[in-house]
Amino acid sequence: MTDRATMKCVLVEAPHSMRIDERPVPRPTQGQVRVRVHFAGICGSDLHIYHGDHPYVEFPRVIGHEFAGVIDAVGSGVPQSRIGERVAVTPVISCGDCTSCRAGRPNVCLNLKVVGVHVEGGFAEYCCVPEALACALPAGVDDRSAATVEPFSIAANMLSRTGVSADDCALVYGAGPIGMTVVQALKGVHGVAPLIVADRLDDRLDRARSAGADMVINVDRTPLDETLARHGLAPTLIIDAACHPAILEQAMRIAAPAARIGLMGFGATPSAVSQQILNRKELTICASRLNNLKFPEVIEWMRRGQINPAQFISHTFAAQRVQEAFDLLETDPTACSKVLLDFTAA
Ligand code: NAI
Ligand code: MN
């Protein structure tokens, strides 16, 4: 347990106002563990919070929901034996009691709280969370990789919603960080072929190819539907990790009958779709939010080497340089995949 009185953390005080704050080291309350954070990943949603266009956040807020470290203190009711455990933290705090929780869907809990959004997050040297959120890591999963369990859990959840078979012909829209976790999981875990990735940026498509995509399509240069038709490909599994409202209509048109379409976006703009296509092909449309207890599965993928977090991580910045890291993500997104903050020496 630390004898330090204060810690450094990344505080978004108000939209466009972010700074390193010095705060008392938090004490774990009943049922909580305190995590000494080692590495934390920056998510697109952290940029949204910073710009004040995140619907749920309240300011000021210590942000960060993708993080891992080691348990250094526990509150009452938590076994002392957890101190010293290396953990990745899932950000999903559920009540355990509502209709969603009872139905086994705690990630859409009626009283959902997300770490780093509704409560103080992991861009800090120390962060206290409910014990159940801290998932043990095996020795084979290093500290940096551990900070990427959360984004990979997004893919794990999406694919558990759609189901995956090695016989699927899969199409992923978007080769941003989230699309890349889906690509790695489809290839590395499920061995899907062919795996087609569509984006508008060649650098990102190059990354997707390195991650195992069999075909990449720059939709700004070649119309996706024509390219697929020319190759005689009708996807049976489509994941939209680009999340433009126009994509669903196209996805339904190019999908094979009985295909599953997974949607990940949070945009408010409606998509115009035809029930005729939906029902003629008997398509399944699946939604996915955060993760439903997927951390152990993702940690196992990492332990077995089925996914490659090192390829996913493009940069690591000392936590003090968080502003620089945010600026890089905004000015040069194609150069970035997952950008980590290092809190070990904060
Ligand atoms: P990103 O913006 O870095 O990546 C999106 C990619 O889609 C970009 O590379 C862009 O060039 C590409 N794109 C744009 N229009 C396209 C089109 N018409 N066809 C093909 N590609 C196109 O975003 P990131 O961080 O990868 O996240 C992707 C989405 O996932 C976001 O909308 C985010 O809100 C959502 N998300 C959903 C979660 C969930 O639990 N459902 C969790 C995390 C993110
Ligand atoms: Mn995230």
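Just so it is clear, the model here is predicted, and its values are computed rather than measured.

Calculation criteria
Residues numbered from 1 in each chain as written. Chains lettered and ligands numbered in written order. Predicted model: local features only at pLDDT ≥ 70, side-chain atom pairs only at ≥ 80, totals over all residues. Heavy atoms only, no water. Donors = N, O, S within 2.8 Å, 3.2 Å for Na, K, Ca; no water. Helix = DSSP H or I, 4+ residues; strand = E, 2+ residues; numbered from the N terminus. Buried < 20%, exposed > 50% of the residue type's maximum accessible area, 1.4 Å probe, protein only. Pairing = 2+ DSSP bridges. Near = heavy atom within 4 Å. Polar contact = N/O pair within 3.5 Å; in protein donor to acceptor, adjacent residues only side chain to side chain. Core = buried A, V, L, I, M, F, W, Y, C linked by side-chain atoms within 4.5 Å. Contact = heavy atoms within 4.5 Å. Domains from an automatic or database assignment. Buried area = accessible area lost by both parts, 1.4 Å probe. Nonpolar A, V, L, I, M, F, W, Y, C, P; charged D, E, K, R; others polar. Right-handed = clockwise from strand over helix to strand, strands pointing away. Phe/Tyr/Trp six-rings, centres within 6.5 Å; stacked < 30°, edge-to-face > 60°. Lys NZ or Arg CZ within 6 Å of the ring centre and 35° of its normal. Axes fitted to C-alpha atoms, helices over the stretch in contact; angles between N-to-C directions. Parallel < 35°, antiparallel > 145°, perpendicular 65-115°, else oblique. Left-handed = near helix turned anticlockwise from the far one by under 90°.

So, about the coordination of the manganese ion (ligand 2). Any two of four tetrahedral donors ideally make an angle of 109.5 degrees at the metal, while pairs among six octahedral donors ideally make 90 or 180 degrees. Listed as protein donors to the manganese ion (ligand 2) are Cys43 (SG), His65 (NE2) and Glu66 (OE); their distances from the metal cover 2.1 to 2.6 Å. Spacing between the donor residues of the manganese ion (ligand 2) along their common chain follows C-x21-H-E. Taken as a pair, Cys43 in the loop between strand E3 (32-42) and helix H1 (44-51) and Glu66 in strand E5 (residues 66-74) lie far apart in primary sequence, 23 residues in all. Look at Glu66 and you get buried, because its relative accessible area is 1%.

What follows is about the sheet that holds strand E1 (residues 6-14). Sheet strands associate in pairs through backbone hydrogen bonding, adopting either a parallel or an antiparallel arrangement. Pairing within the open sheet is antiparallel, and its three strands lie in the order E2-E1-E4. The sheet is open, and its two edges are formed by strand E2 (17-24) and strand E4 (61-62), each paired on a single side.

Before going further, it helps to spend a moment on the site of ligand 1. Among the 21 residues in the neighbourhood of ligand 1, the closest are listed as Ile178, Asp199, Arg204, Ser288 and Leu290. A distance of 2.9 Å is found between an oxygen atom of ligand 1 and a side-chain nitrogen or oxygen belonging to Arg204. Within the backbone of Leu290, an N or O atom sits 2.8 Å from an oxygen atom of ligand 1. Among the secondary structure elements, those contributing two or more residues to the shell around ligand 1 are helix H5 (177-189) and strand E12 (195-199).

Attention shifts here to the nonpolar core. Ranked by size, the top nonpolar core spans 44 residues in total, and within it Phe123 and Phe326 carry the most contacts. With five residues, E3 is the single largest residue contributor to this core. What Phe326 contacts, discounting residues up to four positions off in sequence, is Met18, Ile42, Asp46, Leu47, Tyr50, Ile63 and Phe123.

Attention shifts here to the domain arrangement of the protein chain. One frequent convention defines the size of an interface as the accessible area lost when the parts assemble. Taken domain by domain, the protein chain consists of domain 1 (6-147 + 308-342) and domain 2 (154-287). The centre of domain 1, based on its C-alpha atoms, is set 29 Å off from the matching centre of domain 2. Each side of the interface is counted separately: domain 1 has 12 residues, and domain 2 has 12 residues. Between domain 1 and domain 2 the total buried area reaches about 980 Å² when both faces are included, carbon and sulfur atoms providing 42% of it. Looking only at domain 1, the three residues that lose the most surface to domain 2 are Gln311, Phe312 and Thr334, adding up to 53% of its buried area. Where domain 1 meets domain 2, there are five residue pairs in polar contact (both at pLDDT 80 or more). In terms of residue count, helix H11 (residues 309-312) provides more of the side of domain 1 that touches domain 2 than any other element does, three residues in total. Of the residues assigned to the side of domain 1 that touches domain 2, the class counts are five nonpolar, six polar and one charged.

A few words on the pairing of strand E15 (residues 260-263). In this sheet, E15 lies alongside strand E14 (residues 237-240) in parallel orientation, the contact comprising four bridges. From the neighbouring strand, Ile238 faces E15, where its bridge partner is Ile261. Across four bridges, E15 lies against strand E16 (residues 284-287) in parallel orientation. What sits directly across from Arg260, in E16, is Thr284. Taking the sense of rotation as the criterion, the β-α-β connection linking E15, helix H9 (residues 275-280) and E16 turns out right-handed.

Going through the model one piece at a time under the given rule, you end up with three aromatic pairs. Sitting over the face of the ring of Tyr126, Arg36 holds its NZ or CZ atom 5.4 Å from the ring centroid.

Our focus in this paragraph is the packing of helix H4 (residues 149-162) against H5. Where H4 meets H5, the axes come as close as 8 Å, and the angle between the chain directions of the two elements is 60°. With respect to their mutual orientation, H4 and H5 come out oblique. H4 and H5 meet at a crossing whose hand is right-handed. Within the contact between the two elements, H4 uses Pro151, Phe152, Ile154, Ala155 and Leu159 and H5 uses Ile178, Thr181, Val182, Gln184, Ala185 and Leu186. Taken together, the residues of the contact of H4 with H5 sort by class into nine nonpolar, two polar and no charged.

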